[in-house]
Amino acid sequence: MTEYYIGLMSGTSMDGLDAVLVDFSQQRPQFIAHHHEPLPLDLAQQLHQLCQLNGDQELHNYAQADRDFGRYSASVVKHLLQQQQLTAKQIVAIGSHGQTVRHQPFGQPSYTLQLGDPNSIASLTGIAVVADFRRKDIALGGQGAPLVPAFHQAVFAEANHSRVILNLGGIANITVLPGASEQVSGFDTGPANTLLDQWYSYCHPLATERFDRDGAFAAQGQVQSDLLARLLSAEFFLRAAPKSTGRDDFNLAWLQQYLRGHEALADVQATLTELTAVSVANAIAGLSFNASRPLEQVFVCGGGVYNQTLMKALQRHLPDQQLLSTAQLGVQPQHVEAMAFAWLAYCFIHRLPANLPAVTGASRRAVLGGLYLAE
Ligand SMILES: Nc1ncnc2c1ncn2[C@@H]1O[C@H](COP(=O)(O)OP(=O)(O)OP(=O)(O)O)[C@@H](O)[C@H]1O
Ligand SMILES: [Mg+2]
């Protein structure tokens, strides 16, 4: 008997929705299929606007984008089902992250906001939806993020080796798997693709591509060490974990306050790419490991793994570690985060707690999410 779940993830890069079909009937989650659908341009523009403060008619625009993203999510699920010749009845549940439009874990009070109406997804697909994964952790005093370390632990941990899993999504986050029975930790290290994409699109307003493919544009520029130092002085990099971040902290307006106005465009792209590499390397350098299990391998997932300029910079700053793709551990780098949300839905259905207080800072472990029935 199979136990199929679908995971839906669209991160801060807002590049599109990743949908994965996962079978949980075996001891380890089995990947079955993946479908990625780029975010339609008009919906992307709507969402970009919602991520900025002081937009006009925020509530109205929010409510419409919530419905639109829900319907778009449902269409991606239907495509995946069709591709696999499966019916709704064969899927236990969909785990939908939704699209983050605000993330204020250090606010008073703190909050995080994901849109993508789960009622629409459930009604249009005929499949139960588990959604709203982050707010229970926030309610318990946590950051509500990152949530993926528990999944990384479930699928990537190994008793005899220390491992770091590095997700280069819109934001970069690390999961520290110290081996044996030692406590797993993890946190956001700072911006990755969200800032790279935003600067690239700003420099190439007419391009159809919305990211710096292979890091080619960054490779044309020179890292500006004075700009890099100014960017690294930002408060987020100096904070101790638990910490998490988003477009609220790292966006074009944030970047522009550090520019002196005379930098060449490709130099800024190169410097932002270096910023991601250095902030990740600094975070890893600050970790300590049991002497019998030194950190030798860092496994990378997320779209940033395809940015060669970024990967070369990272390897330069992590000379003592081998930089590998999670594909080496049996999971393609672009599937990991969506699989995590299929797993989070699985945990909810089985009433298993899924947050790690050592990661998020929540007061206790808890079952995450809410259920939206199809019937
Ligand atoms: N060939 C490539 N070259 C350079 N960058 C790439 C390439 N392919 C993907 N990317 C980058 O990866 C990004 C998408 O990555 P991903 O889907 O992991 O991010 P995300 O949706 O923000 O994820 P997360 O769920 O981790 O927040 C794109 O926006 C782009 O910047
Ligand atoms: Mg994505």
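Here the structure is a predicted model, which means the values were calculated and not measured. (Residues numbered from 1 in each chain as written. Chains lettered and ligands numbered in written order. Predicted model: local features only at pLDDT ≥ 70, side-chain atom pairs only at ≥ 80, totals over all residues. Heavy atoms only, no water.)

Near ligand 1 lie 22 residues; those nearest to it are Ser13, Asn167, Gly170, Asp197 and Asp214. The side chain of asparagine 167 places a nitrogen or oxygen atom 2.8 Å from an oxygen atom of ligand 1. The separation between an oxygen atom of ligand 1 and a polar side-chain atom of asparagine 193 is 3.4 Å. Among the elements of the structure, strand E8 (162–168) and helix H6 (193–203) are those that each provide at least two residues to the shell around ligand 1. Tallied by class, the residues present in the shell around ligand 1 amount to four nonpolar, eleven polar and seven charged. (Near = heavy atom within 4 Å. Polar contact = N/O pair within 3.5 Å; in protein donor to acceptor, adjacent residues only side chain to side chain. Helix = DSSP H or I, 4+ residues; strand = E, 2+ residues; numbered from the N terminus. Nonpolar A, V, L, I, M, F, W, Y, C, P; charged D, E, K, R; others polar.)

Along its sequence, the protein is carved into domain 1 (4–144 + 335–372) and domain 2 (149–329). Here the C-alpha centre of domain 2 lies 23 Å away from the C-alpha centre of domain 1. Residue-level contacts link 27 residues of domain 1 with 31 residues of domain 2. Roughly 2,300 Å² of surface becomes buried between domain 1 and domain 2 when both sides are summed, with 57% attributable to carbon and sulfur atoms. At the surface where domain 1 touches domain 2, the tally comes to zero salt bridges. Mapped by element, the contributors of at least two residues to the side of domain 1 that touches domain 2 are helix H1 (41–50), strand E5 (99–104), helix H13 (336–349) and helix H14 (357–360). Per-element accounting of the side of domain 1 that touches domain 2 gives the leading share, five residues, to H13. In terms of residue class, the side of domain 1 that touches domain 2 is made up of 16 nonpolar, eight polar and three charged. (Domains from an automatic or database assignment. Contact = heavy atoms within 4.5 Å. Buried area = accessible area lost by both parts, 1.4 Å probe. Salt bridge = Lys/Arg side-chain N within 4 Å of Asp/Glu carboxyl O.)

Here we take up the sheet that holds strand E12 (residues 322–325). Ordered in space as E10-E9-E8-E11-E12, the five strands form an open sheet in which the pairing is mixed. Edge strands, defined here as strands with exactly one partner in the open sheet, are strand E10 (185–191) and E12. Strand-to-strand twist across the sheet, computed as the mean angle between neighbouring axes with direction ignored, equals 25°. Direction of pairing for strand E9 (residues 171–177) relative to E10: antiparallel, over a ladder of six bridges. When the bridges of E10 are listed, threonine 175 appears paired with glycine 186. (Pairing = 2+ DSSP bridges. Axes fitted to C-alpha atoms, helices over the stretch in contact; angles between N-to-C directions.)

Topologically, aspartate 23 is positioned in strand E2 (residues 16–23). Buried charged residue aspartate 23 carries no salt bridge. Nearest counter-charge: arginine 28, at 14 Å. Residues in contact with aspartate 23, not counting those within four places in the same chain, are Thr2, Glu3, Tyr4, Arg28, Pro29, Gln30 and Ile32. (Buried < 20%, exposed > 50% of the residue type's maximum accessible area, 1.4 Å probe, protein only. Lys, Arg positive; Asp, Glu negative; His and termini not counted.)

By the burial criterion, the buried members of helix H12 (residues 308–317) are Leu310, Met311, Ala313 and Leu314. Here the buried residues of H12 occupy an arc of 160° about the axis, which is enough to place them on one side. Seen from the open side of H12, the exposed residues pointing more than 90 degrees away from its buried face are Lys312 and Arg316. Here the buried face of H12 lies against E8, helix H11 (265–285), strand E11 (295–301) and E12. Among the residues of H12, the N-terminal cap falls to asparagine 307, whose side-chain oxygen and the backbone nitrogen of threonine 309 are separated by 3.2 Å. (Arc of directions from axis to C-beta.)

It is worth spelling out the pattern of salt bridges at this point. Using the criterion set out here, one finds nine salt bridges in the structure. Linking arginine 293 and glutamate 182 is a salt bridge whose minimum nitrogen-to-oxygen distance equals 2.6 Å. Of this pair, arginine 293 sits in the loop between H11 and E11 while glutamate 182 sits in the loop between E9 and E10, and the two are 111 residues apart along the sequence. A residue is classified by how much of its surface remains accessible, and arginine 293, at 11% relative accessible area, is buried. The class of glutamate 182 is partly exposed, set by a relative accessible area of 35%. Taken together, the shared-partner salt bridges in this structure form one network comprising Asp226, Arg230 and Glu263.

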